[in-house]
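# Examining the three-dimensional arrangement
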Amino acid sequence: MTAIWHDTRLAPAVFAFTLIIALSHAALIGLPVFLVCLWLGIMDLESCAFLGGLIGAAPAAILTFPAQHPEFHANALLSGMPILANEMLRSAISASYVEPLAYCGLLGALAGLVFWTVLTGA
């Protein structure tokens, strides 16, 4: 995150913020999931990638859920027919909601793969 930041004066603050987010994901979500998977005996490459993706996407999904914005749920009729623009707006909102979740999920899956590599020493 710091390497791609456009203003070098803010790079230390961006690094600190990114580090806090990453550590909170690892300690508060990743460690309990790891311990449960270890206890159940399902620790393999696929589970690490899947659960890493889930851990990466779930907090972003919860924090950015469109239902938190009531202005996106307005429904109107024009001469008794629903306005098509409302459906297009809803589609655009859902696309702008899903795309960042996919990025966060892919980064989480990559982190799960890195975790598996470190764990197994491969």
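Scoring rules and cut-offs
Residues numbered from 1 in each chain as written. Predicted model: local features only at pLDDT ≥ 70, side-chain atom pairs only at ≥ 80, totals over all residues. Heavy atoms only, no water. Helix = DSSP H or I, 4+ residues; strand = E, 2+ residues; numbered from the N terminus. Buried < 20%, exposed > 50% of the residue type's maximum accessible area, 1.4 Å probe, protein only. Contact = heavy atoms within 4.5 Å. Areas by Shrake-Rupley, 256 points an atom, 1.4 Å probe, with all protein chains shown as cover. Axes fitted to C-alpha atoms, helices over the stretch in contact; angles between N-to-C directions. Left-handed = near helix turned anticlockwise from the far one by under 90°. Nonpolar A, V, L, I, M, F, W, Y, C, P; charged D, E, K, R; others polar. Expected span 1.5 Å × (residues − 1). pLDDT = per-residue confidence, 0-100. Patch = residues over 30% accessible without salt bridge, like charges linked within 9 Å, V, L, I, M, F, W, Y side chains within 5 Å. Salt bridge = Lys/Arg side-chain N within 4 Å of Asp/Glu carboxyl O. Bend = angle between axes of the 7 residues up to and from the residue. Polar contact = N/O pair within 3.5 Å; in protein donor to acceptor, adjacent residues only side chain to side chain.

## Brief notes about the overall build of the chain
Within the chain, the secondary structure is distributed over three helices and two strands. Counted from the first residue to the last, the chain has its helices and strands arranged as α-α-β-β-α. Across the 122 residues of the chain, 22% fall into the buried class. Sequence-distant contacts in the chain: of pairs separated by 6 or more residues, those separated by 24 or more amount to 64%. Total accessible area on the chain stands at roughly 8,900 Å², and carbon and sulfur atoms take up 78% of it.

## Considerations on the packing of helix α1 (residues 11-40) against helix α2 (residues 45-63)
Direction vectors running N to C along α1 and α2 enclose 145°, while the axes themselves pass 11 Å from each other. With respect to the hand of their crossing, α1 and α2 are arranged in right-handed fashion. Taking contact as the criterion, the partners of His25, Ile29, Gly30, Val33 and Cys37 in α1 are, on α2, Leu51, Ile55 and Pro59. Considered class by class, the residues forming the contact of α1 with α2 number six nonpolar, two polar and no charged.

## Looking at α1
Between its first and last C-alpha atoms α1 spans 41 Å; for 30 residues at 1.5 Å apiece the expected length is 44 Å, and the two agree. For α1, the set of buried residues is Ala11, Val14, Gly30, Phe34 and Cys37. Immediately beyond the C-terminal end of α1, within one or two residues, lies glycine 41, with a positive phi of roughly 75°.

## Notes on the confidence of the model for the chain
Across the chain, the average pLDDT comes to 79, with 71% of residues at or above 70. Here strand β1 (residues 77-78) stands out as the element of the chain with the lowest mean pLDDT, 50, in contrast to α2, whose mean of 90 is the highest.

## Considering a nonpolar patch on the surface
On the surface, a nonpolar cluster with roughly 550 Å² of combined accessible area is contributed by Leu45, Leu107, Leu110, Leu113, Val114 and Val118. Ranked by the residues each element gives to the nonpolar patch, the list is headed by helix α3 (residues 84-120), at five residues. For leucine 107, the location among the structural elements is in helix α3. Here leucine 107 falls in the exposed class, since its relative accessible area comes to 59%.

## Some remarks on α2
Because an α-helix packs 3.6 residues into every turn, residues spaced three or four apart end up facing the same way. Taking 1.5 Å of rise per residue, 19 residues should cover 27 Å, and α2 covers 28 Å from first to last C-alpha, within 8% of that figure. Approximately 25° is the largest bend angle found in α2, and it occurs at alanine 57, with the proline proline 59 only one to four residues beyond. The complete set of buried residues in α2 reads Ser47, Cys48, Ala49, Gly52, Gly53, Ile55, Gly56, Ala57, Pro59, Ala60 and Ala61.

## Describing the side chain of serine 47
Checked against the element boundaries, serine 47 lands in helix α2. Looking at serine 47, its side chain comes within polar contact range of the main-chain oxygen of isoleucine 42, at 2.8 Å. In contact with serine 47, not counting residues within four places along its chain, are Ile42 and Gly52.

## Focus on the environment of cysteine 104
Note that cysteine 104 resides in helix α3. Cysteine 104 gets classed as partly exposed once you look at its relative accessible area, which sits at 29%. Distance in space between the C-alpha atoms of cysteine 104 and alanine 58 is 8.7 Å, their sequence separation being 46 residues. Beyond its immediate chain neighbours, meaning those up to four positions away, cysteine 104 contacts Gly56, Ala57 and Ala60.

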